[in-house]
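Chain by chain, the residues run as shown.
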Amino acid sequence: MGFPLPDTEAPQTNGFWSAAASEKLAIPRCAKCDRWNWYPAGACPGCGSTEMPWTETSGHGRLFSWTIVRHRLLAAYGPMLPYTTGIVTLEEDEAVRIVTRIVEAEPELLHIGMAMQAVFRPLGIEGSPEGLLAPMFTPAL
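What counts as what
Residues numbered from 1 in each chain as written. Predicted model: local features only at pLDDT ≥ 70, side-chain atom pairs only at ≥ 80, totals over all residues. Heavy atoms only, no water. Helix = DSSP H or I, 4+ residues; strand = E, 2+ residues; numbered from the N terminus. Rg over C-alpha atoms; globule rule 2.2 N^0.38 Å. Buried < 20%, exposed > 50% of the residue type's maximum accessible area, 1.4 Å probe, protein only. Areas by Shrake-Rupley, 256 points an atom, 1.4 Å probe, with all protein chains shown as cover. Lys, Arg positive; Asp, Glu negative; His and termini not counted. Charge placed at Lys NZ, Arg CZ, Asp CG, Glu CD. Phe/Tyr/Trp six-rings, centres within 6.5 Å; stacked < 30°, edge-to-face > 60°. Lys NZ or Arg CZ within 6 Å of the ring centre and 35° of its normal.

*Asks:* It is not clear to me how the overall build of the chain should be interpreted in this structure. Could you clarify?
*Replies:* For the chain, the helix and strand inventory stands at one helix and seven strands. Starting at the N terminus, the α and β elements of the chain follow one another as α-β-β-β-β-β-β-β. Scaling as 2.2 N^0.38, a compact globule of 141 residues should have a C-alpha radius of gyration of about 14 Å, and the chain matches this with 15 Å. Principal axes of the C-alpha set define a box for the chain whose edges measure 45 × 40 × 25 Å. Burial status across the chain gives 40% buried among its 141 residues. A total accessible area of about 8200 Å² is found for the chain, and carbon and sulfur atoms account for 52% of it. Here the chain holds 10 positive side-chain charges and 15 negative ones, and the gap between their average locations is 5 Å.

*Asks:* Would you take a moment to explain unusual backbone geometry for this structure?
*Replies:* Leaving glycine out, the prevailing phi sign among residues is negative, and the prevailing peptide bond configuration is trans. At the junction of Trp-38 and Tyr-39, the peptide bond is cis and its omega measures out at 5 degrees in the coordinates. One can find Tyr-39 in the loop between strand 1 (26–28) and strand 2 (54–56). The omega torsion across Leu-81 and Pro-82 is -20 degrees, close enough to zero to call that bond cis. The phi angle at Glu-23 is positive, at roughly 55 degrees, despite the residue not being glycine. Position of Glu-23 relative to the elements: it lies in the loop between helix 1 (14–21) and strand 1. Of note, Asp-34 is a non-glycine position whose phi angle comes to about 70 degrees, a positive value. Mapping Asp-34 onto the fold places it in the loop between strand 1 and strand 2. The class for Asp-34 is partly exposed, based on a relative accessible area of 46%.

*Asks:* Explanation requested: the packing of aromatic side chains in the structure shown.
*Replies:* Two aromatic rings are characterised by how far apart their centres lie and by the angle between their planes. For the structure shown, the criterion picks out five aromatic pairs. On the numbers, 6.5 Å between centres and 75 degrees between planes, the contact of Trp-38 with Trp-54 is edge-to-face. Taken together, the positions of Trp-38 in the loop between strand 1 and strand 2 and Trp-54 in strand 2 put the pair 16 residues apart, joining distant regions of the chain. Relative accessible area serves as the criterion here: at 25%, Trp-38 is assigned to the partly exposed category. The exposure class assigned to Trp-54 is partly exposed, which follows from its relative accessible area of 27%. Grouped by ring-pair contacts, the aromatic residues Phe-16, Trp-17, Trp-38, Tyr-39 and Trp-54 constitute a single cluster. Stacked on the ring of Phe-64, the Lys or Arg Arg-97 has its end atom at 4.0 Å from the ring centre.

Dropping the structure here:
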């Protein structure tokens, strides 16, 4: 058995991975009250609606936090070390915070509030499905 994550077929997240395969960042958005909902849930926490289609975002946001990972949590992460992981708030709703990898950036140049943009790269975790694209973030140009 390969690396157990992500389950791209899980009903809660298959819209996310399907969009990523087309190099789009999609987040569930309530059809009733327009609230962005991340992490996906069965019902909107704002109004209770269960109509929450995956909706494409601009892929732009701001760096909320980051750290450099130097020690692997799991063996599958070993070949990636060191890497920068972070939290990015989305332009559409800063309450939506995506945990992500920060790529193509010098860690010492990162700063809170820095403009970021989504890019799509192979997940890169040993044992993950081959060719699986994941949204990651890089400083916006």
